[in-house]
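Architecture at a glance
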Amino acid sequence: SYLTYMAGGSLPLVAAGVAASVYKGIGEMRTAVVVTAFSVVLNAITTPLMIWGCPALFIPRLGVAGAAVATNLSSLVALVLLLGMLGKKGVQVRASPPNLPMLRRITAIGAPMAASGMLFSLVYLHLGRILTGLGDANLAALGLGHRLEGLAFTVNEAYGAAA
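Residues numbered from 1 in each chain as written. Predicted model: local features only at pLDDT ≥ 70, side-chain atom pairs only at ≥ 80, totals over all residues. Heavy atoms only, no water.

Some details on unusual backbone geometry
Non-glycine residue phenylalanine 58 carries a positive phi angle of around 60°. Take phenylalanine 58: it is sitting in the loop between α3 (29–52) and α4 (64–88). Residue class for phenylalanine 58 comes out exposed when judged on its relative accessible area of 78%. (Helix = DSSP H or I, 4+ residues; strand = E, 2+ residues; numbered from the N terminus. Buried < 20%, exposed > 50% of the residue type's maximum accessible area, 1.4 Å probe, protein only.)

Structural notes on the confidence of the model for the protein
Averaged over every residue, the pLDDT of the protein is 85; the share at 70 or more is 98%. Looking over the protein, one finds the lowest element-wise mean pLDDT in helix α6 (residues 136–162), namely 75, and the highest in α4, namely 91. (pLDDT = per-residue confidence, 0-100.)

Some thoughts on α4
Counted at 1.5 Å a residue, the expected span for α4 with its 25 residues is 36 Å, and the 37 Å between its end C-alpha atoms agrees. Where α4 ends, the next residue or the one after it, glycine 90, has phi of about 85°, a positive value. (Expected span 1.5 Å × (residues − 1).)

Side note on helix α2 (residues 10–25)
Given a rise of 1.5 Å per residue, 16 residues ought to cover 22 Å, and the 22 Å separating the end C-alpha atoms of α2 matches this to within 8%. Listed as buried for α2 are Pro12, Ala16, Ala19, Ala20 and Tyr23. Looking straight down α2, one finds that the buried residues subtend no more than 100° of arc, so they occupy a single side. More than 90 degrees from the buried face of α2, the exposed residues found are Leu11, Val14 and Gly25. Where α2 is buried, its residues touch α3 and α4. Looking one or two places after α2, you find glycine 27, whose phi comes out positive at around 80°. (Arc of directions from axis to C-beta. Contact = heavy atoms within 4.5 Å.)

Below is the structure:
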């Protein structure tokens, strides 16, 4: 199923996000944005191919799970690109044991924002459940509102990251 494949492919997704954050940390937002945009376009192209299949390209029909496979593939490509470009810049990426005091500090800083995001998602799940019974137009309006709110959130996050 979709969730099984997404869980199985979560490592490249998370690692690509971390690699993009490295670029943000060294002040090269453009590289992270370009690779992320490429990954999104790749995902948009491969998702329908993986869902419905493409015999001419030897891609089997995977149904809903194909969307997860396409996302995992796109994330893996982004990770390889970002790590390769970091290597060319001389930035060494190596595995090391976790720094527990630093992880505690990061958790203390990030936990309130994470909790806020989870609460936000739960509210939209609940609203979606309520509006499902009230007709398609209401549910579509909720989706539109969520996307507009997400756009404002993204702009605010970008300025927050730059600060």
